[in-house]
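Architecture at a glance
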Amino acid sequence: MDPVVQLAVPVVLLVVLVLLLRWTWTPRRGRSLVARTPRRGDPGEYGLLVPVAAPADAAESVRLTAVLESAGIRCTVVDTTQGPRLMVWPDSAASARRLLREPQKDGGGPAGC
């Protein structure tokens, strides 16, 4: 093989690798492919999601999530600056709050937000 080709192939591969890494790790807002460290926000900073409950601990958040999911309501628990919040989509908020106000069969009380 020609010595020029033997030198050119690794150099081209190195340039392509550098360009891919630079594109991946570019710190420009919204263009990096690397996940940023999540930060806590106020309960109102989570887009369309609205808070429906403020669980006191992880066990309560699991219990409340199970109640909503058994009723077919999609939810998520987020750690906000004001503590953990159970968030749902706006069209499900009223029914989620109603479900969470009802006493549960296991004797657990409601958790308001």
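Each remark here, short or long, concerns the structure printed above.
We now turn to the structure provided with this report. (Residues numbered from 1 in each chain as written. Predicted model: local features only at pLDDT ≥ 70, side-chain atom pairs only at ≥ 80, totals over all residues. Heavy atoms only, no water.)

A closer look at the pattern of salt bridges
When their charged atoms lie close together, side chains carrying opposite charge are able to pair. The criterion, for reference: We define a salt bridge as a side-chain nitrogen of Lys or Arg found within 4 Å of a carboxyl oxygen belonging to Asp or Glu. Throughout this description, buried means an accessible area under 20% of the type-specific maximum (1.4 Å probe, protein chains only), exposed means over 50%, and partly exposed covers the range between. Numbering of helices and strands starts at the N terminus; helices are DSSP runs of H or I of at least 4 residues and strands are runs of E of at least 2.
One pass over the full model with this rule turns up two salt bridges. One salt bridge connects Arg39 with Glu45, and the closest N-O pair in it is separated by 3.6 Å. Taking relative accessible area as the criterion, Arg39 reaches 65% and is therefore assigned exposed. Owing to a relative accessible area of 44%, Glu45 belongs among the partly exposed residues under this scheme. For the salt bridge of Arg40 with Asp79, the shortest nitrogen-to-oxygen distance reads 2.9 Å. With Arg40 in the loop between helix H1 (3–24) and strand S1 (50–53) and Asp79 in strand S2 (residues 75–80), this pair connects stretches of sequence that are 39 residues apart. Using a relative accessible area of 51% as the deciding quantity, one classes Arg40 as exposed. Given the relative accessible area of 39%, Asp79 is considered partly exposed.

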